[in-house]
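# Architecture at a glance
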Amino acid sequence: MSEKIAVVGAGLIGRAWAIVFARAGFDVAIYDAVPQALDACQQLLRENLSDLAQHGLIDEAPDVVAARIKPAASLADALQGAVLVQENVKETVEVKRQIFAEMDKLAAPDTILTSSTSWIPTSEFSEHLPGRDRILVAHPVNPPYLVPLVELAPAPWTSKKAVARAHDIYTRAGQSPVLLKKEITGFLLNRIQGAVLNEALNLYENGYASSEDLDKVLKDGLGLRWSFMGPFETIDLNAPDGIIDYAQRYGHTYRDVAKTQLPNEWNETTLKQIESERRQELKTDQLGERSRWRDNRLMGLVAHKRKQAK
Ligand SMILES: NC(=O)C1=CN([C@@H]2O[C@H](COP(=O)(O)OP(=O)(O)OC[C@H]3O[C@@H](n4cnc5c(N)ncnc54)[C@H](O)[C@@H]3O)[C@@H](O)[C@H]2O)C=CC1
Ligand SMILES: O=C(O)[C@@H](O)C(=O)[C@H](O)[C@@H](O)CO
């Protein structure tokens, strides 16, 4: 009998996690407090699975994978017999505290409870729970069935055994887990993503470049290299004698420039201006279609990387 994963919250990320685990052979129970969300989920799952199959990114027929994903009538039913629960509900600490208190009561003592939260450290929603030693953040990147990074961010009281078991399950599910050695808001990816967005907003707001050109800096520049190399690997190759040589050549300039890189206020005026420029390129009712375009481009990239790796 296959191991069971419970997915709580059948929205954008919950649905995607269901695909990740079902594709890897786990049985998946998916639950949502809003029945309509569960209904919508089934159709969207089939669309995503069909696209993945077209790019050769699932090894079984879409229907076989879809058959492993079963809606649960209650939270208790979803958690029954699960080895791991992936929570994907609203991004507020209050809702996370509430759902983890419920799940801690319902789940078997050895079930690992994880949150997809984008920013909230585990200790902010697990501290007072009896089963806190089996709770940790497992933050995905959207969509996790294409972007395999998952950030494991335990609280100081999360047991090493729970972290090791979570790491094993995500690895077997085809993900690429990284481990935070201590807690920080936003973990690794969103802090780095935030630093890039912060500087892009500053440069836009102060009239240095258009939003279109700032997007090009990533998609026709940094993003190309970073699609197969990280920042340290990149600079290690950008000076004849590697990273130290690079630092000796440019480190002082990065330090000086950093003093001018101030926190951005994300003010409404700037964001509305960028939004209006985006809406000239893409109407609001085209966002869904564009998301599928993004996923198909990502699928092509992932399929290419898989071929390269063989
Ligand atoms: N959207 C994204 O790109 C990413 C989101 N995340 C995180 O994943 C979590 C979910 O995000 P999305 O899927 O985008 O949100 P969403 O709004 O698409 O889905 C949330 C779902 O949870 C359900 N829900 C709310 N309260 C519930 C409860 N008490 N019990 C069961 N179901 C409940 C809602 O009905 C809804 O279907 C958030 O913590 C978010 O920060 C993480 C990485 C990427
Ligand atoms: O970008 C992503 O996929 C993830 O890092 C997320 O957590 C959210 O979408 C993030 O961008 C917003 O918090």
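In this text the structure is predicted, and so the values were computed from the model without any measurement. (Residues numbered from 1 in each chain as written. Chains lettered and ligands numbered in written order. Predicted model: local features only at pLDDT ≥ 70, side-chain atom pairs only at ≥ 80, totals over all residues. Heavy atoms only, no water.)

Cross-referencing UniProt, the feature "domain: 3-hydroxyacyl-CoA dehydrogenase C-terminal" (unreviewed entry) maps to residues 186-258 in the present numbering. The span residues 186-258 carries 75% helix and 0% strand; its end-to-end C-alpha distance comes to 20 Å. (UniProt positions renumbered as here; feature names shortened; annotations may be inferred. Helix = DSSP H or I, 4+ residues; strand = E, 2+ residues; numbered from the N terminus.)

So, on to the site of ligand 2. In the vicinity of ligand 2, the contacting residues are Ser 118, Trp 119, His 139, Pro 140, Val 141, Asn 142, Leu 189, Asn 190 and Gln 193. Note that an oxygen atom of ligand 2 is positioned 2.7 Å from one of the side-chain N or O atoms of Ser 118. Taking Asn 190, its side chain carries an N or O atom lying 2.7 Å from an oxygen atom of ligand 2. Protein chains shield 65% of the accessible area of ligand 2, which is 320 Å² for the free molecule. Counting only elements with at least two residues in the shell around ligand 2, the list comes to strand E6 (135-140) and helix H8 (189-205). By residue number, the principal contributor to the shell around ligand 2 is H8, which donates three residues. (Near = heavy atom within 4 Å. Polar contact = N/O pair within 3.5 Å; in protein donor to acceptor, adjacent residues only side chain to side chain. Areas by Shrake-Rupley, 256 points an atom, 1.4 Å probe, with all protein chains shown as cover.)

Near ligand 1, the surroundings consist of 20 residues, among which Ile 13, Asp 32, Glu 91, Lys 96 and Ser 118 are the closest. A distance of 3.0 Å separates an oxygen atom of ligand 1 from a polar backbone atom of Leu 12. For ligand 1, the protein covers 72% of the area, taking 830 Å² as the surface of the free molecule. Counting only elements with at least two residues in the shell around ligand 1, the list comes to helix H1 (12-23), helix H5 (93-106) and E6. Its residues placed into classes, the shell around ligand 1 shows nine nonpolar, eight polar and three charged. (Nonpolar A, V, L, I, M, F, W, Y, C, P; charged D, E, K, R; others polar.)

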